[in-house]
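Residues per chain, in single letters:
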Amino acid sequence: MSTTTDPRSAASLRENDPATTSAPSAGAKRVGGLANWVDERTGAGSGMAFLLKKIFPDHWSFMLGEIAMYSMIICLLTGAFLTFWFVPSAGQIVYDGSYLPLKGVTMSEAYRSTVAISFDVRGGLLIRQIHHWAALMFIVAVTVHMLRVYFTGAFRKPREINWVIGTILSMLALVEGFAGYSLPDDLLSGTGLRAAEGFMRSIPIVGSYVSYMMFDGPFPGEAIIPRLFTVHVLLLPAILVGLFTAHIVLVFVHKHTQFPGPGRTEHNVVGFPLMPVYTAKAGGFFFMVFGVTALISALVMINPIWAYGPYDPSPVTAGSQPDWYMGFADGALRLLPGFLEFVAFDRTWSFNVFIGAILLIPVIFTIAGAYPFLERWVTGDTREHHLLDRPRNAPVRTGLGMMAISSYFILFLASGNDLMAIKLHLSINDLTRSFQVGFFVVPPLVFWVTKRICLSLQRHDREKVLHGRESGTIIRTAEGKFFEKHDEIDEFARWSLVQHEAHEPIAVGSGTDANGVASPAARSERARARLSHFYFKDRVDPVTPAELAAAHHHGEHEAIEATPETAGPVEIMDSRRGGADRESIRRAPESEL
Amino acid sequence: MSNHSTTSGHESTSADQGRAGTDVVRLDDGHHVGAGGLPERFEDPGLPPHVHRLADRDPVAASRAERQVATMFGVSMLATLVFIVAYFAIDYTQGVFIPGIGSTNLLNVVLGVSMGVSLFGIGAGAVHWAKTLMSDEEVVEERHPMRSSDEARAKAVHLIQAGGEQAQFGRRPVLKYSLGGALGLFALPFVLQVAGSLGNPTKATAGLAQTIWDIHPLPDGTPGHPIRLFRDPEMTPIKASDVTIGSVFHVMPETLKDSQHVLEDKAKAAVLLMRLHPSQFDSGPRGQKTQSWGHEGIVAYSKICTHVGCPVGLYEQQTHHLLCPCHQSTFDVTKDCEVIFGPAKRSLAQLKITVDDAGYLVAPEGFHEPVGPSYWER
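This report concerns the structure included in the present document. Note that the structure is a prediction, hence the values are computed from the model and not measured.

Here we take up the overall build of chain A. Within chain A, the secondary structure is distributed over 22 helices and eight strands. Looking at the 593 residues of chain A, the share that counts as buried comes to 51%. At a minimum sequence separation of 6, the contacts of chain A that also span at least 24 residues come to 75%. Accessible surface for chain A amounts to roughly 27300 Å². Of this, 67% is attributable to carbon and sulfur atoms.

Shown next, in the form of structure tokens:
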């Protein structure tokens with residue numbers, strides 16, 4: 001249990017390494033002098049000592065959040081560069097730059113300056129493309145990081161606040177992306193803004209006022225580009241950076257979660273210190289992410305606004321789509337049927353637009369933000385959790401997550417229904433109808449399948465602990481019987497498979513108080529019991545030492561260790577059978593003992 | 001804190017197994033069973049024995065790793081130099097063909113690749129350094145519950161209470177409520193200033209309903225002239241005889257030429273003009289209305305989608321359907337552009353047209369309903 005009372009010191013573990021006891025160099029002395037100067041004025045030394053020996057556990061999935069962080073930094077850097085040349089104005093001028101196809105075309109200053117960044121500023125196109133690619137990568141990384149946190153249960157106490165901060169961050173990232181995407185004022189992004197104006201109008205009661213306020217009059221107006229610019233480069237980045245700072249400070253305060261494993265408990269964190277290992281790894285990883293972004297930006301063209309032309313409300317291109325992260329909302333708009341708009345009380349209620357364009361995103365993120373509190377209420381678990389769940393050990397949570405992902409994907413695919421119809425030679429009407437039906441049918445199916453897969457994987461874990469790993473070696477006994485030799489797994493590998501606890505559903509109370517009167521509190525308790533039943537009625541308990549001993553006792557152990565000469569009871573194993581069912585089919589060897 | 005951070009090791013051997021009940025157990029760490037045979041749950045075996053890396057044991061491997069790291073840093077420096085040279089040397093109009101990517105701008109490719117390699121080299125070198133040469137001995141740090149100690153809590157509560165008492169919050173409720181009121185209200189001017197000055201919303205209802213197809217009476221009180229239909233973007237008038245069956249025209253009103261707000265007016269005034277054979281219209285009342293508002297099978301409809309306002313830019317000549325490229329709302333021209341598929345609810349607005357004395361198409365009156373996306377008051 002106690003992994004921190006190891007008597008051996010660090011030095012004894014590194015006995016084959018030479019000790020470093022040489023006198024400090026002149027350079028080190030100079031650095032020391034500077035450090036002394038700063039510390040005497042700020043007392044930064046103790047904070048430094050605290051930070052630099054912080055331990056971070058190692059796992060590839062912990063890099064997802066890092067990718068998000070670095071992409072954000074890349075966006076901040078390249079974005080600052082872009083502001084040197086970008087002109088946030090919708091004022092109309094006639095183009096007279098170096099890109100010949102646009103010569104003489106009337107366009108906004110925002111569009112002209114973006115074309116100039118692409119053609120007249122040396123390396124400007126590269127910076128623009130890095131900015132766009134990094135923004136896309138930021139939202140991908142944020143999303144996948146969020147999924148990692150969800151599926152491993154890292155949002156549990158004490159990290160609920162950080163989960164909520166994270167959901168706000170990821171929602172703001174969408175808005176920030178959309179604002180930036182709209183700034184060049186090209187035909188595609190302008191069509192996006194045109195739709196956004198339609199979205200605002202759909203808001204009941206205040207819709208037309210909101211539209212006129214945002215655009216300072218009729219669409220498109222000259223106000224929206226400079227306003228979005230301020231939102232994109234000042235307002236949202238300030239909020240994003242502030243929330244991100246809180247996010248990362250809380251990671252330090254909580255200490256990072258770790259995956260379960262031998263020696264890793266709820267009371268420790270096993271890994272490597274910030275200095276030097278994580279400084280090198282995480283710092284190096286920043287450069288790798290930046291490098292890969294630069295390579296992609298060098299080789300893969302993104303958002304060639306000069307090919308789209310400046311915004312004009314009259315023309316439009318087929319296959320108009322937003323950037324990928326807005327795809328799901330666009331897909332929802334394509335799927336919501338027109339009959340959701342109606343006239344009542346002499347007023348127009350545009351729910352066909354309002355639901356998908358205005359409600360969807362806040363509702364999704366509210367549900368996401370509320371999830372830890374729902375799960376905590378169901379489990380009634382008030383303990384701190386620093387060991388992550390393996391997703392299979394939380395089948396309902398994993399199922400719900402996959403269900404959410406499948407809903408998202410159906411909406412996302414629906415936003416490409418026109419392109420799919422063209423490329424796959426399908427009817428767009430059939431595709432749209434299929435997605436409409438699929439949105440209600442597929443997610444519950446995905447939930448059920450995922451939950452079953454999780455339970456099967458848990459049974460497989462039991463199987464592995466009880467009867468060992470399939471070695472692939474087939475053994476023939478003296479009597480001519482065949483069986484596969486199973487290797488018993490060692491205690492370290494076993495611990496990872498048995499360390500978790502399986503929740504039991506809470507019992508439903510009587511629903512009445514001492515006097516037999518139905519109480520309101522009891523109703524909430526009943527709801528909680530029902531949910532708890534939903535979460536935990538199907539469960540697979542981890543193997544206990546007694547079960548393992550029984551499995552060995554039942555002759556399994558002999559079968560594992562058996563050699564052809566000494567093998568007594570043998571059989572052909574069916575490793576796919578569940579651990580719990582195992583006892584009955586093991587009866588025969590037992591009788592032979 | 002240093003006593004909490006110790007280097008790990010393999011600390012409980014398999015001989016420790018099964019001695020549950022003799023250990024000191026933590027009560028907040030799940031359930032434990034007492035002595036008497038097998039424990040209820042397995043015991044954590046502790047960290048597995050550490051396996052040294054090649055570079056830990058073999059100085060040759062270590063110096064090889066050192067060379068590898070230095071090479072990666074070297075490649076990074078080289079790539080940086082390439083970037084600087086390319087920045088000055090390459091003409092930015094020069095194109096290049098790259099198999100699998102196509103023709104692209106040479107300067108962008110060289111700058112991006114060299115910058116990418118320069119950055120990646122530093123990163124890869126640092127990570128390789130960490131993985132081969134820096135200590136890979138896992139270190140254990142103790143966690144502490146997030147909750148502050150009871151003393152710290154009591155102290156904080158005491159400070160707040162004492163502070164409140166010193167400020168005489170409890171004794172002088174007038175102060176409490178007046179401060180609350182002031183703090184509750186002070187943000188209102190800021191909200192009012194922004195919300196009130198962003199745009200004038202009182203014009204919205206009227207503004208959304210108007211287009212430059214609307215005909216206003218002349219100053220002397222006589223009714224205004226009908227407005228000619230012009231080709232978009234050429235801005236030339238359209239003769240009815242030019243519109244052959246099956247053709248489609250993008251149309252703007254003649255009044256756009258005098259517009260002070262070109263984009264805003266265009267955004268509402270865009271019209272599509274199509275000519276169908278009279279027999280192709282639906283025989284029901286909707287088809288008849290369509291025809292009667294047109295001229296010999298030439299009909300004009302607002303191009304602004306009634307869903308969220310994209311231009312309904314795709315006309316299927318064979319089926320006489322108009323398709324919006326944004327969300328695929330489909331309108332049937334033979335039936336007064338009613339929605340036959342997709343998320344839109346309302347038909348596109350029809351513009352009544354006729355011909356003037358010179359044979360040009362004109363609109364004698366504006367739209368009868370607001371064009372474009374729905375809104376509350378329409």
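As a further point, take the pattern of salt bridges. Using the criterion set out here, one finds 35 salt bridges over all chains in the structure. As a salt-bridge pair, Glu501(A) and Arg383(A) come within 2.8 Å of each other at their nearest N and O atoms. Taken together, the positions of Glu501(A) in the loop between α18 (491-498) and α19 (520-536) and Arg383(A) in the loop between α14 (351-379) and α15 (395-414) put the pair 118 residues apart, joining distant regions of the chain. On the accessibility criterion, Glu501(A) (39% relative accessible area) is partly exposed. A salt bridge links Arg53(B) to Asp56(B), with the shortest nitrogen-to-oxygen separation between them at 3.2 Å. Overall, the relative accessible area of 15% leaves Arg53(B) in the buried class. What you see here is one network of salt bridges that share partners, running through Arg156(A), Glu375(A), Asp389(A) and Arg397(A).

The next point concerns the packing of helix α13 (residues 327-335) of chain A against α15(A). All names here are of chain A. Where α13 contacts α15, the axes come no closer than 6 Å and their chain directions differ by 75 degrees. As the angle between them shows, α13 and α15 are arranged roughly perpendicular. Residues Gly327, Phe328, Gly331, Ala332, Arg334 and Leu335 of α13 touch α15, and the partners they reach there are Tyr408, Leu411, Phe412 and Ala414. In the contact of α13 with α15, the residues fall into seven nonpolar, two polar and one charged.

Quick look at the packing of helix α4 (residues 63-83) of chain A against helix α6 (residues 124-151) of chain A now. Two quantities define a packed helix pair, namely the angle between the axes and the distance from one axis to the other. Residue and element names in this part refer to chain A. Relative to each other, α4 and α6 sit at 155 degrees, their axes nearing to 8 Å. As summarised for this structure, α4 and α6 are arranged roughly antiparallel, according to the angle between their axes. Between α4 and α6 the crossing geometry is left-handed. Of the residues contributing to the contact of α4 with α6, the split by class is 17 nonpolar, six polar and two charged.

We now examine the nonpolar core. Among the nonpolar cores identified, the biggest contains 51 residues, and Tyr70(A), Ile74(A), Ile130(A), Phe138(A), Leu174(A), Tyr325(A) and Ile361(A) are the most heavily contacted of them. Ranked by residues supplied to this core, first place goes to α6(A) with eight residues. Ignoring anything within four residues of it in the chain, the contact list for Tyr70(A) reads Ala282(A), Gly283(A), Phe285(A), Phe286(A) and Val289(A). Formed by 27 residues, the second largest nonpolar core is a distinct cluster that contains Ile238(B), Val243(B), Leu273(B) and Leu361(B).

Turning our attention to the sheet that holds strand β11 (residues 330-332) of chain B. Residue and element names in this part refer to chain B. What the four strands build is an open sheet, ordered β9-β10-β11-β12; its pairing is antiparallel. Among the strands making up the open sheet, the edge pair consists of β9 (314-316) and β12 (338-341). Across this sheet, the average inter-strand angle for adjacent strands is 35 degrees, counted without regard to direction. In terms of strand pairing, strand β10 (residues 321-323) meets β11 through three bridges, oriented antiparallel. Within the sheet, the bridge partner assigned to Leu323 lies in β11 and is Thr330.

This part takes up unusual backbone geometry. With an omega dihedral of -5 degrees, the bond running from Phe219(A) to Pro220(A) counts as a cis peptide bond. Checked against the element boundaries, Pro220(A) lands in the loop between α9 (207-214) and α10 (224-254). With an omega of 10 degrees, the peptide bond running from Asp232(B) to Pro233(B) counts as cis. Of note, Pro233(B) is situated in the loop between β5 (227-231) and β6 (248-253). Residues other than glycine seldom take positive phi values, yet Ile205(A) does so here, at roughly 70 degrees. Take Ile205(A): it is sitting in the loop between α8 (187-201) and α9. Ile205(A) sits in the exposed class, given a relative accessible area of 52%. For Glu296(B), which is not a glycine, the phi torsion comes out positive at approximately 50 degrees.

Taken together, the 115 residues of chain B in the interface contact 131 residues of chain A. At the junction of chain B with chain A, the criterion picks out three salt bridges. Between Glu341(A) and Arg346(B) there is a salt bridge; the shortest N-O distance is 3.2 Å. Between chain B and chain A we count 34 residue pairs in polar contact (both at pLDDT 80 or more) in total. Of all elements in the fold, only β1 (6-7), α2 (59-89), α3 (106-132), β4 (139-142), α6 (188-197), α7 (204-209) and α8 (262-269) of chain B reach the threshold of two or more residues within the side of chain B that touches chain A. The leading source of residues in the side of chain B that touches chain A is α3(B), at 17 residues. Class assignment of the residues belonging to the side of chain B that touches chain A gives a composition of 55 nonpolar, 32 polar and 28 charged. Relative to β4(B), strand β4 (residues 268-273) of chain A is paired through four bridges, and the arrangement is antiparallel. Residue pairing for β4(B): Val269(A) is matched across the bridge by Glu141(B).

This part covers the sheet that holds β5(B). Residue and element names in this part refer to chain B. Across the sheet, seven strands lie side by side as β13-β8-β7-β6-β5-β15-β14; this open sheet has antiparallel pairing. At either margin of the open sheet sits one strand with a lone partner, and together these are β13 (350-351) and β14 (354-355). Of the pairings in the sheet, the one linking strand β7 (residues 271-275) to strand β8 (residues 298-302) comprises five bridges and is antiparallel in character. Opposite Met274, over in β8, you have Val299 as the bridge partner.

Further remarks concern the pairing of β8(B). The side chains of a regular strand alternate, first on one face of the sheet and then on the other. Residue and element names in this part refer to chain B. Burial analysis of β8 places five of its five residues in the buried class, which makes it a mostly covered element. Taking every second residue as pointing to the same face, both faces of β8 are buried, with Ile298, Ala300 and Ser302 on one and Val299 and Tyr301 on the other. By the bridge criterion, two bridges tie β8 to β13 in an arrangement that is antiparallel. Note on β13: the bridge partner recorded for Ala300 is Leu351.

Moving on to the environment of Phe230(B). Residues and elements named next belong to chain B. Mapped onto the secondary structure, Phe230 falls in strand β5. Note: C-alpha distance between Phe230 and Gly196 (34 residues apart in sequence) is 39 Å. Dropping the residues within four chain positions of it, Phe230 is found in contact with Met235, Thr236, Pro237, Ile238, His250, Val251, Met252, Glu254 and Lys257.

Our next topic: a nonpolar patch on the surface. A cluster of nonpolar side chains, namely Phe169(B), Leu179(B), Leu183(B), Phe186(B) and Phe190(B), defines an oily patch on the protein surface of about 540 Å² accessible area. Looking at the secondary structure, you find Phe190(B) in helix α6.

How two aromatic rings sit relative to each other is given by the distance of their centres and the angle of their planes. Counted by the stated rule, this structure contains 37 aromatic pairs over all chains. Between Phe86(A) and Phe229(A) the ring centres are 5.7 Å apart and the planes differ by 35 degrees, which places this aromatic pair in the tilted class. On the criterion of sequence distance, the pair formed by Phe86(A) in the loop between α4 and β2 (92-94) and Phe229(A) in helix α10 is long-range, its members being 143 residues apart. The same class applies to Phe86(A) as to Phe229(A), namely buried. Judged by centre distance (4.8 Å) and plane angle (75 degrees), the ring pair of Trp349(A) and Trp376(B) falls under edge-to-face. With one member in each of two chains, Trp349(A) in strand β6 (residues 347-350) and Trp376(B) in the segment after β15 (361-363) form a pair that bridges those chains. Positioned over the ring face of Tyr87(B) is Arg122(A), at 5.9 Å from the centre of the ring. Across the ring face of Phe219(A), the terminal group of Arg194(A) is positioned such that the distance to the ring centre comes to 4.7 Å.

Thresholds applied
- Residues numbered from 1 in each chain as written.
- Chains lettered and ligands numbered in written order.
- Predicted model: local features only at pLDDT ≥ 70, side-chain atom pairs only at ≥ 80, totals over all residues.
- Heavy atoms only, no water.
- Helix = DSSP H or I, 4+ residues; strand = E, 2+ residues; numbered from the N terminus.
- Buried < 20%, exposed > 50% of the residue type's maximum accessible area, 1.4 Å probe, protein only.
- Contact = heavy atoms within 4.5 Å.
- Areas by Shrake-Rupley, 256 points an atom, 1.4 Å probe, with all protein chains shown as cover.
- Salt bridge = Lys/Arg side-chain N within 4 Å of Asp/Glu carboxyl O.
- Axes fitted to C-alpha atoms, helices over the stretch in contact; angles between N-to-C directions.
- Parallel < 35°, antiparallel > 145°, perpendicular 65-115°, else oblique.
- Nonpolar A, V, L, I, M, F, W, Y, C, P; charged D, E, K, R; others polar.
- Left-handed = near helix turned anticlockwise from the far one by under 90°.
- Core = buried A, V, L, I, M, F, W, Y, C linked by side-chain atoms within 4.5 Å.
- Pairing = 2+ DSSP bridges.
- Polar contact = N/O pair within 3.5 Å; in protein donor to acceptor, adjacent residues only side chain to side chain.
- Patch = residues over 30% accessible without salt bridge, like charges linked within 9 Å, V, L, I, M, F, W, Y side chains within 5 Å.
- Phe/Tyr/Trp six-rings, centres within 6.5 Å; stacked < 30°, edge-to-face > 60°.
- Lys NZ or Arg CZ within 6 Å of the ring centre and 35° of its normal.

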